[in-house]
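Working through the structure, step by step
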Amino acid sequence: MAIRTRFAPSPTGYMHIGNLRTALYAYLVAKKDPEGVFILRIEDTDQGRLVEGATDIIYETLKQCGLHHDEGPDVGGNYGPYVQSERVRDGIYMDHAVKLIRRGGAHYCFCDQESIAAQKENSTDGFQFTDPCRSIPLEEAEARVKAGEPFVVRQTIPSEGTTSFDDEVFGHITVDNATLDEAVLIKRDGFPTYNFANIVDDHLMEITDVVRGMEYLSSTPKYNLIYESFGWDIPRYIHCPPVMKDEHSKLSKRNGDASFQDLMTKGYLPEAVLNYIALLGWSPETEQEIYTIDELIEAFNVHHIGTNGAIFDINKLTCINGMWLRKMDLDSHYALIKPYIDSAVKSNFDGKKIAAIVQVRANTLVEIPEMLDFFDSFSADYSPELYRNKKMKTDPAIALESLKAAYDVLKDVTDWTQENIHEILLALPKKMERKNGQVLFPVRLAVTGKQTTPGGAIEIADILGKEETLRRLEASIRMLETALQA
């Protein structure tokens, strides 16, 4: 039987990182099998928390990340509907709840919430209360339901014995049944809770492998009791540790932590985000760090998922994002960053050459405009002390000599190409008996007015062109001469 996994988010806002990682792992588990199927199911039974447009965000996020689902609300399939509220209207959950009641795995509960809360508060066994409605004969309970009396459906938990299950990450787990509370399966409004809907849907959709957060570990024994009551096969469980913001707190959209959409706005690539979150909790068998989605499918092994939470490190993501930008071919990189170049550079400079110098320096897309502001806006009204650099062994006096020499050789260049500029400027240090940095660093500073820039003196001079390069050199020379005479 082919592996079938599902990603079942609730449309309650933006896609947070932990949710996206669950989707990725579920996708990878399915696609390890050449016949594997990855399903998208929208779990919208908590109607009070729904956010308008959130389902579209889910679709768009999966599309941007290349996690293409084989079945789902927008693509169809043989196991629909794939939206739980539509399945409620079809009567799927209530039908199964009635079957479960008749099999002894659940019961009708007519208690109001205040009496339930009081019973829980007065419980002396340290655990959840035992619902007194369990003792109502089935015929009487069904008659009360038929008469229109409000009810919920609660799971019936054995008071003795244990329930065990195996998890691919956490191993064999056994719990005492007496510690399990009799959770609500169908609410008074007729909607199922997650605790029931996910079981029914996973069975009817023939899900073979359930990938979800470890917060559901404690509920899994209750789920298995329902599977057993129905006589259904139990899926393989893969519970993942949380993504943490620090050692004590999980990343959470409720706490305003960065969502996938936030990261896109901050200039990160979907491929880089996916690459990074794959490594949050999963350890590859090699030292490889940069993975395409196809490489992740090949390398992924659920037995290498850890049991401890992994801290989300924005600096590490930034580093990986920079690696992704640098591994692109120049044409693709230019097409990607052209809007950012155009927003900063209005003058008629070669955009592809600008992209080439940006590629080796920028780690996120939003950094790019600020890096390029010197192309359109240059003034020699900067501090001459910028030329004082211990590493380059320069000071304003040395810089002035280097700039005058550079101006003299560059003004005679007739064929202004990067190759010619490179040959001419690199001949100067030897001629002047100086280090390369004592010439090239002052030239770069003189034509940009900035101590750090993408690209070096040669590349920037080539892009600026002969006339503009000489104009800026003249202005910087005059500034230094004035400063040194003062």
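An account of the accompanying structure is given in this report.

With that settled, consider the overall build of the protein chain. The secondary structure content of the protein chain amounts to 21 helices and 11 strands. Computed over the C-alpha atoms, the radius of gyration of the protein chain is 32 Å, more than 25% above the 23 Å expected from 2.2 N^0.38 for a compact globule of 486 residues. By its C-alpha atoms, the protein chain is 105 × 45 × 40 Å across when sized along the principal axes. Counting over 486 residues, the protein chain shows a buried share of 50%. Excluding contacts between residues fewer than 6 apart, the proportion of contacts in the protein chain whose partners are at least 24 apart in sequence is 74%.

What follows concerns unusual backbone geometry. Following G80, the chain continues into P81 via a peptide bond in cis, with omega recorded as 0°. One can find P81 in the loop between α2 (54–65) and α3 (84–89). With a phi close to 55°, E206 is a non-glycine residue in the positive phi region. Position of E206 relative to the elements: it lies in the loop between α7 (194–204) and β8 (209–213). Within the chain, K393 stands out as a residue other than glycine whose phi angle is a positive 60°. Counting through the fold element by element, K393 comes out in the loop between α16 (373–376) and α17 (396–410).

Counting residues in each nonpolar core, the largest one holds 104 residues, and the members touching the most others are L67, V273, L372 and F375. Setting aside anything within four residues of it in sequence, one finds V273 in contact with I17, L20, F260, L263, M264, Y268 and L317. The next biggest cluster of nonpolar side chains, apart from the first, holds 40 residues, and it includes I39, I101, V153 and L217.

This paragraph deals with the environment of T208. The residue T208 is located in the loop between α7 and β8 in this model. T208 sits in the buried class, given a relative accessible area of 18%. T208 sits 102 residues away from A310 along the chain, and the two C-alpha atoms are 26 Å apart. Setting aside chain neighbours within four positions, we find T208 in contact with M1, A2, I3, R4, P235 and R236.

Below, the discussion takes up the pattern of salt bridges. Per the stated rule, a full pass over the model turns up 26 salt bridges. As a salt-bridge pair, D462 and K353 come within 3.0 Å of each other at their nearest N and O atoms. With D462 in helix α20 (residues 457–464) and K353 in helix α14 (residues 351–359), this pair connects stretches of sequence that are 109 residues apart. Residue D462 is classed as buried on the basis of its relative accessible area of 8%. Classification of K353 as partly exposed rests on a relative accessible area of 35%. A salt bridge links D412 to K411; the shortest N-O distance between them is 3.5 Å. One network of salt bridges, in which partners are shared, links R6, R41, E43, R87, D201 and D202.

Rules and cut-offs
Residues numbered from 1 in each chain as written. Predicted model: local features only at pLDDT ≥ 70, side-chain atom pairs only at ≥ 80, totals over all residues. Heavy atoms only, no water. Helix = DSSP H or I, 4+ residues; strand = E, 2+ residues; numbered from the N terminus. Rg over C-alpha atoms; globule rule 2.2 N^0.38 Å. Buried < 20%, exposed > 50% of the residue type's maximum accessible area, 1.4 Å probe, protein only. Contact = heavy atoms within 4.5 Å. Core = buried A, V, L, I, M, F, W, Y, C linked by side-chain atoms within 4.5 Å. Salt bridge = Lys/Arg side-chain N within 4 Å of Asp/Glu carboxyl O.

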